[in-house]
Amino acid sequence: MAILVVEDGTGLTGANSYITAAEALAILDVKPTQLAAFSALSVQEQDDYLIWASSWLDDYMDWKGYKTVATSGLRWPRCGVYDRDSILIDENTIPEQLKQAVAETATWLINSSAANSGGEASNLPEGIKRVKADVVEVEFFDGGSADSQSGSDLLPVNIRFLLRSLGAPIVGRKRFVPAVR
């Protein structure tokens with residue numbers, strides 16, 4: 001059980017979340033399904049998911065700009081980053097779209113098998129379940145995206161879209177293995 005330490009824009013060394021549970025509840029208030037999932041958690045579980053979501057985004061996003069405090073616990077605050085309207089984000093500010101992304105990522109992590117897999121199966125392109133090399137065979141997942149089945153999409157589309165001005169997702173892995181004949 002971690003203690004929630006919210007980044008306030010000063011580069012706190014012990015910071016482990018970009019938002020509080022109260023902020024997450026306010027953000028999710030207009031998203032009934034996500035609000036219900038997050039509200040059903042205990043206070044400690046809410047904090048744990050916010051910590052996980054903040055870490056998840058820091059791990060899977062290649063943020064633009066430069067970190068302003070080398071010893072900060074998270075990868076924000078940053079300088080040299082513009083919002084989606086091309087307005088420079090103050091280097092002592094945690095952008096609102098990042099806060100929204102943390103709240104939405106926390107709710108996605110609650111039931112995501114992709115998150116629970118840690119991306120272990122993400123060596124195949126999205127939607128592909130299996131590839132067979134001898135007499136080539138490719139098997140696709142039934143019902144669409146592999147996101148919830150194999151972990152190949154480590155950030156949902158809505159969150160990637162929300163964060164597009166702040167950075168680029170680090171998704172998929174290139175792997176090379178020797179071909180055996």
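Read on for a plain summary of the structure. Just so we're clear, the structure is a prediction, and the values are computed from it rather than from any experiment.

1. Quick look at the overall build of the protein
Move 1: Along the protein, the regular secondary structure elements total 7 helices and 6 strands.
Move 2: Secondary structure elements of the protein, listed N to C terminal, follow the sequence α-α-α-β-β-β-α-α-β-β-α-α-β.
Move 3: Within the protein, buried positions represent 40% of all 181 residues.
Move 4: Partitioning the intrachain contacts of the protein with sequence separation of at least 6 by distance along the chain shows that 60% fall at a separation of at least 24.
Move 5: Accessible surface, the protein: about 10,000 Å² in total, of which carbon and sulfur atoms supply 56%.

2. Notes on the packing of helix H1 (residues 21-28) against helix H4 (residues 96-111)
Helix-helix packing is characterised by the crossing angle of the two axes and by the distance between the axes.
Move 1: Running from N to C, H1 and H4 cross one another at 85°; their axes reach a closest spacing of 9 Å. The orientation of H1 with respect to H4, classified from their angle, is roughly perpendicular. Along its contact with H1, which presents Glu23, Ala24, Ile27 and Leu28, the element H4 presents Lys99, Gln100, Ala103, Glu104 and Thr107.
Move 2: Of the residues that constitute the contact of H1 with H4, the class distribution is 4 nonpolar, 2 polar and 3 charged.

3. Topic: helix H3 (residues 43-60)
For an α-helix, 3.6 residues make a turn, and residues three or four places apart therefore share a direction.
Move 1: Over its 18 residues, H3 extends 26 Å from the first C-alpha to the last, a length consistent with the 26 Å expected when each residue adds 1.5 Å.
Move 2: Along H3, the residues that are buried comprise Gln46, Asp47, Tyr49, Leu50, Ile51, Ala53, Ser54, Trp56, Leu57, Asp58 and Tyr60.

4. Some details on the packing of aromatic side chains
Move 1: A full pass over the atoms with the stated rule returns 5 aromatic pairs.
Move 2: Measuring from ring centre to ring centre gives 4.8 Å for Trp56 and Tyr60, while their planes differ by 50°; the resulting arrangement is tilted. A residue pair is termed a helical-turn pair when its members lie 3 or 4 positions apart in one helix, as Trp56 and Tyr60 do in helix H3 at 4 residues.
Move 3: Residue classification places Trp56 among the buried positions, given a relative accessible area of 5%.
Move 4: The class for Tyr60 is buried, based on a relative accessible area of 17%.
Move 5: One residue, Arg164, lies across the ring of Phe161, its end atom 4.0 Å from the ring centre.

5. Examining the side chain of Arg78
Move 1: If you trace the backbone, Arg78 turns up in strand E3 (residues 78-79).
Move 2: In this structure, Arg78 is buried with no salt-bridge partner, the nearest side chain bearing the opposite charge being Asp62 at 6.3 Å.
Move 3: Of the polar contacts made by the side chain of Arg78, one reaches the backbone oxygen of Arg75; its length is 2.8 Å.
Move 4: Residue contacts for Arg78: discarding those within four places in its chain leaves Trp63, Lys64, Gly65, Tyr66, Lys67, Thr68, Asp90 and Glu91.

6. Points about the environment of Tyr18
Move 1: Within the secondary structure, Tyr18 sits in the segment before H1.
Move 2: On a C-alpha basis, the gap between Tyr18 and Ala101 in space is 9.8 Å, while along the polypeptide they are 83 residues apart.
Move 3: Not counting the four nearest positions on each side in its chain, Tyr18 is found in contact with Val6, Glu7, Glu23, Ser54, Asp58, Leu74, Arg75, Trp76, Ile94, Leu98, Lys99 and Val102.
Move 4: From its side chain, Tyr18 meets the backbone nitrogen of Arg75 in a polar contact 3.2 Å long.

The rules behind each value
- Residues numbered from 1 in each chain as written.
- Predicted model: local features only at pLDDT ≥ 70, side-chain atom pairs only at ≥ 80, totals over all residues.
- Heavy atoms only, no water.
- Helix = DSSP H or I, 4+ residues; strand = E, 2+ residues; numbered from the N terminus.
- Buried < 20%, exposed > 50% of the residue type's maximum accessible area, 1.4 Å probe, protein only.
- Contact = heavy atoms within 4.5 Å.
- Areas by Shrake-Rupley, 256 points an atom, 1.4 Å probe, with all protein chains shown as cover.
- Axes fitted to C-alpha atoms, helices over the stretch in contact; angles between N-to-C directions.
- Parallel < 35°, antiparallel > 145°, perpendicular 65-115°, else oblique.
- Nonpolar A, V, L, I, M, F, W, Y, C, P; charged D, E, K, R; others polar.
- Expected span 1.5 Å × (residues − 1).
- Phe/Tyr/Trp six-rings, centres within 6.5 Å; stacked < 30°, edge-to-face > 60°.
- Lys NZ or Arg CZ within 6 Å of the ring centre and 35° of its normal.
- Lys, Arg positive; Asp, Glu negative; His and termini not counted.
- Salt bridge = Lys/Arg side-chain N within 4 Å of Asp/Glu carboxyl O.
- Polar contact = N/O pair within 3.5 Å; in protein donor to acceptor, adjacent residues only side chain to side chain.

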